[in-house]
Structure formats: C-alpha cells, structure tokens
Amino acid sequence: MRKRLTSILLALCMALTLPPCTAAAFEQPPDTDYWAGLSRAQVVDMLRRIAGKTETRDVVLVCYPSDGAANIATAITQQFAPYANDRRCKIYYYAFSGSSGDPSRIDGELTELLGKTPEAWPVAVTYNTTTQNALSRENVSNLGGMDAVNGLLKLMSDNGVSSGSSGADPEPDPDPSPDPDPDPDPDPDPDPDPDPEPGTENPGYPTELPDPNDPDSPDEITIWDEGVPKTYIKVWDPEEEEWIYVLDEDVPLSNWDETPTTGDKSRTGLWLALNALSLAGLAALWSTKFRKKDRS
C-alpha cells in the first residue's frame, strides 16, 4: 500500500513539473477549397503585402504552432477548419514548428502587424481591401470568444471580412532548382535564311520610275515593285500641266487620244515646202498681171 502511494505521489510530482496544457504535434485537417494551407514563402509574402497595404484580396489568416497546446489543436481541428468547410468561408492557415528559433517561425512578420511579439497562439490576421485596414489579434483560440480569449468571428466582423478570404489563391512557390540549361544542345549552325519562294527574283527590271518630265524618259516603262513587275505609261496631267507615270491598267482610255504625243510625226518640212511653192506661184501670177497692165 505504501509503495502504491509512493508511486502515485511520484507520478503527480512529475506531472506538476511539466508545462501546463502542452500536447504533441497534432494531425492537421486536410486542405480544401476553404481551409487552405500556405507555405512559409507564401505567408511571408502575404503578410508583407498586408503591412504595405498592397494586398489585392480580402484575407482571413490563422497562424499557429503545429505542436502547440491542446487548446490550439481543439480550435483548429474542431472549430476553425469545420467552420470554413461547412460555411464555405475561405480561411488561410499557416502551421509552423513551436520550437524556439525554428526557421519555419514567422514571429518577426507577425510582430509588425500586432505591434508586439506574439505570445499566445493562434494569431489571426485579417485584411480588408476596401478600407485597406489590417486587424490582427493573438490568442484567437475559438470562434466566439470568451473572457481573455479572442474569437475569430468577432475579429472578422470587426474588420468587415465576415465572408472570409476572397480572390485568387497565392501563387505556388517557385521551383527551387530550375533547369539552368533548358536546351543543352541547340543547333550551332541554324539555317540563316530559308530558300526564297520561286518567281520572286528581280529578272533585271529597274526598281524606280524615272522623271517623266525628263526629255529622255520613255513613254512606257516596266519596273520591279514588291516582288512583281509593273508597267507604267507616261500621260499628260492637264491640271498639273506636267507629265506623270500611271499604271497601264489605270490609264484613262477615253482621254488617251487627247494627250499630246512626245514625237512629231506631222512632216513639217513637207508642209513648209508646199507653202513656199504656193507663195511662189502667187507671186508669179501677180508679177504677170502687173506686166500686162504696164504694156497696155
């Protein structure tokens, strides 16, 4: 009997020396569309945007140690996660190791929003994009709140985000080891230019029109333009009173006979000779007439 009492007293002493309300790491609720876990990089990026008022989503975020006290496990597994899924109210969460100095902790980022080092977990962070207001509290370990314990729903209501988080989820973490050489064997001698299409080579036509008002310019000319030969005709522009080149299909046929020619085919010398003979004949007639008058 005495030995049994001694064992009971020893067990009580050992229990009293343990930290109160401690528990081993508890099993996390599975991620869903409404209870959504974040990586450390994602939650740090989100908290920085909230602190800088550049976040583009309404946010409800719960941060807690995954090996925290029993009241934390109860709040997460029996209240927050079921509420998010049942009410379709999106809540982000971040679970980290409770060990002091563990690289997964985010005490520094939370201190900036709380205004103090967090001491009682979970810590809940809310952000309203309309008001750009961030509201954070620690010791948020139930939905409704009681005494010194803060309620999550009360915090959400106070900041106007009772409907939960909104907008697209944060981008996933980038690949920590992307392939530094995605194309290790590129073609060292790529074909510089594909073979040109057949029939597009200039067979020797000029590429520009000459000055149509140059006396030596041709009446008709074919040039190479945009990969095809085009024929131009020289015509007289009565409005501008100068020669111009016009595409052969655009030449006004109705006025073609009225345009002056560039060469003289009227045999001017012949007409001058005939005129001279006519004048000589008239002169001979007049001379004969005056001689007869003098004789009489």
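Provided above is the structure to which this section pertains.
Residues numbered from 1 in each chain as written. Predicted model: local features only at pLDDT ≥ 70, side-chain atom pairs only at ≥ 80, totals over all residues. Heavy atoms only, no water.

**Quick look at the overall build of the protein**
For the record, the criterion: Strands are runs of DSSP state E lasting at least two residues, helices are runs of H or I lasting at least four, and both sets are numbered from the N terminus onward. Burial status follows relative accessibility: with a 1.4 Å probe on protein chains alone, a residue under 20% of its type maximum counts as buried, one over 50% as exposed, and anything between as partly exposed. Throughout, a contact is declared for two residues whenever any of their heavy atoms are within 4.5 Å. All accessible-area figures derive from a Shrake-Rupley calculation using a 1.4 Å probe, and residue coverage is judged against the displayed protein chains alone.
A tally of helices and strands in the protein yields six helices and eight strands. The proportion of buried residues among the 296 residues of the protein is 31%. Considering only contacts in the protein between residues 6 or more positions apart, those separated by 24 or more positions represent 57%. Approximately 20,200 Å² of the protein is accessible, and the part contributed by carbon and sulfur atoms is 54%.

**Looking at a nonpolar patch on the surface**
Test applied: Patch membership needs two things, relative accessible area over 30% and no salt bridge, and members are linked within 9 Å if like-charged or within 5 Å if nonpolar (Val, Leu, Ile, Met, Phe, Trp, Tyr). The term salt bridge refers to a side-chain nitrogen of Lys or Arg lying within 4 Å of a carboxyl oxygen of Asp or Glu.
A grouping of Leu-279, Leu-282, Leu-285 and Trp-286 is seen on the molecular surface, where their side chains present a nonpolar patch of about 480 Å² in accessible area. Inspection of the secondary structure puts Trp-286 in helix α6 (residues 268-295).

**Concerning the sheet that holds strand β2 (residues 59-65)**
In plain terms, the rule: If DSSP finds at least two bridges between two strands, the strands pair. Axis lines are fitted through C-alpha atoms, for helices just across the contact stretch, and the angle between N-to-C directions can take any value from 0 to 180 degrees.
With mixed pairing, the five strands of this open sheet are ordered in space as β1-β3-β2-β4-β5. Sheet topology places β1 (35-37) and β5 (133-137) at the edges, where each strand pairs with a single neighbour. On average, adjacent strands in this sheet sit at an angle of 20 degrees to one another, irrespective of strand direction. Judged from the three bridges that link them, β1 and strand β3 (residues 91-96) form a sheet pairing that is parallel. Across the sheet, Trp-35 pairs through a bridge with Ile-91, a residue of β3. Taken strand by strand, helix α2 (residues 40-51) contacts β1, β2, β3, β4 (123-128) and β5, and its axis lies near 130 degrees from that of β2.

**Thoughts on helix α3 (residues 70-87)**
This is how it is decided: Multiplying 1.5 Å by the helix residue count minus one yields the expected span of that helix. One axis fitted to the seven residues ending at a residue, another fitted to the seven starting there: the angle between these axes is the bend at that residue.
Its 18 residues give α3 an end-to-end C-alpha distance of 25 Å, which sits within 8% of 26 Å, the value for a rise of 1.5 Å per residue. Along α3, the sharpest kink reaches roughly 35 degrees, centred on Ile-76. Within the sequence span of α3, burial applies to Ile-72, Ala-73, Ala-75, Ile-76, Phe-80, Ala-81, Tyr-83 and Ala-84. Where the residues of α3 are buried, they touch β1, β2, β3 and α5 (152-158). Just beyond α3, the residue with positive phi is Arg-88, at close to 55 degrees.

**Considerations on a negative patch on the surface**
Here is the rule: His is not counted, nor are the chain ends, whereas Lys and Arg count as positive and Asp and Glu as negative. To locate a charge, the coordinates of NZ of Lys, CZ of Arg, CG of Asp or CD of Glu are taken.
On the surface, Asp-211, Asp-214, Asp-216, Glu-239, Glu-240, Glu-241 and Glu-242 cluster together into a patch of negative charge. Mapped onto the elements of the fold, Asp-211 is located in the loop between α5 and β6 (220-225). The partly exposed category is assigned to Asp-211, whose relative accessible area is 46%.

**Quick word on the packing of α2 against helix α4 (residues 107-114)**
Operational definition: In what follows, roughly perpendicular refers to angles from 65 to 115 degrees, roughly parallel to angles under 35, roughly antiparallel to angles over 145, and oblique to any angle outside these ranges. Take the far helix as the reference: if the near one is turned anticlockwise from it by less than a right angle, the crossing is left-handed, and if turned clockwise, right-handed.
The contact between α2 and α4 brings their axes to 10 Å, and the two run at 20 degrees. Considering the angle they form, α2 stands roughly parallel to α4. For the pair α2 and α4, the sense of crossing is left-handed. Two secondary-structure elements touch here, α2 through Arg-40, Val-44, Leu-47, Arg-48, Ile-50 and Ala-51 and α4 through Glu-109, Leu-110, Glu-112 and Leu-113.

**Describing the sheet that holds β6**
Here we have three strands laid out as an open sheet, ordered β6-β7-β8, and antiparallel in their pairing. Of all the strands in the sheet, just β6 and β8 (242-247) have a single pairing partner and so form its edges. Pairs of neighbouring strands in the sheet enclose a mean axial angle of 35 degrees, with direction left out of account. Strand direction decides the pairing type here: β6 and strand β7 (residues 228-237), joined by six bridges, are antiparallel.

**Brief notes about α4**
Given 3.6 residues per helical turn, the α-helix brings residues three or four places apart onto the same face. In plain terms, the rule: What the arc covers is the set of directions going from the helix axis to the C-beta atoms.
All of the buried residues in α4 are Asp-107, Glu-109, Leu-110, Leu-113 and Leu-114. Along the axis of α4, the buried positions cluster into a sector of 160 degrees, meaning they face one direction only. Exposed positions of α4 whose direction lies more than 90 degrees from the buried face are Gly-108 and Glu-112. Just downstream of α4, Gly-115 is the residue with a positive phi angle, here 85 degrees.

**So, unusual backbone geometry**
Cis geometry marks the peptide bond from Trp-121 to Pro-122; its omega dihedral reads 0 degrees. Note on placement: Pro-122 falls in the loop between α4 and β4. In this model, Glu-226 sits at a positive phi of 55 degrees, which is unusual for a non-glycine residue.

**Thoughts on the side chain of Asp-237**
Heads up, the condition is: Under the rule applied, a polar contact is a pair of N or O atoms within 3.5 Å (in protein, one hydrogen donor and one hydrogen acceptor; residues adjacent in sequence only if both atoms are side-chain atoms).
Position of Asp-237 among the secondary structure elements: in strand β7. Buried within the structure, Asp-237 lacks any salt-bridge partner; its nearest side chain of opposite charge belongs to Lys-234, at an N-O separation of 14 Å. A polar contact of 3.1 Å, which involves the side chain of Asp-237, links it to the backbone nitrogen of Glu-239. For Asp-237, the side chain forms a polar contact with the main-chain nitrogen of Glu-240, separated by 3.4 Å. With near-sequence residues (within four places) excluded, Asp-237 lies in contact with Glu-242 and Ile-244.

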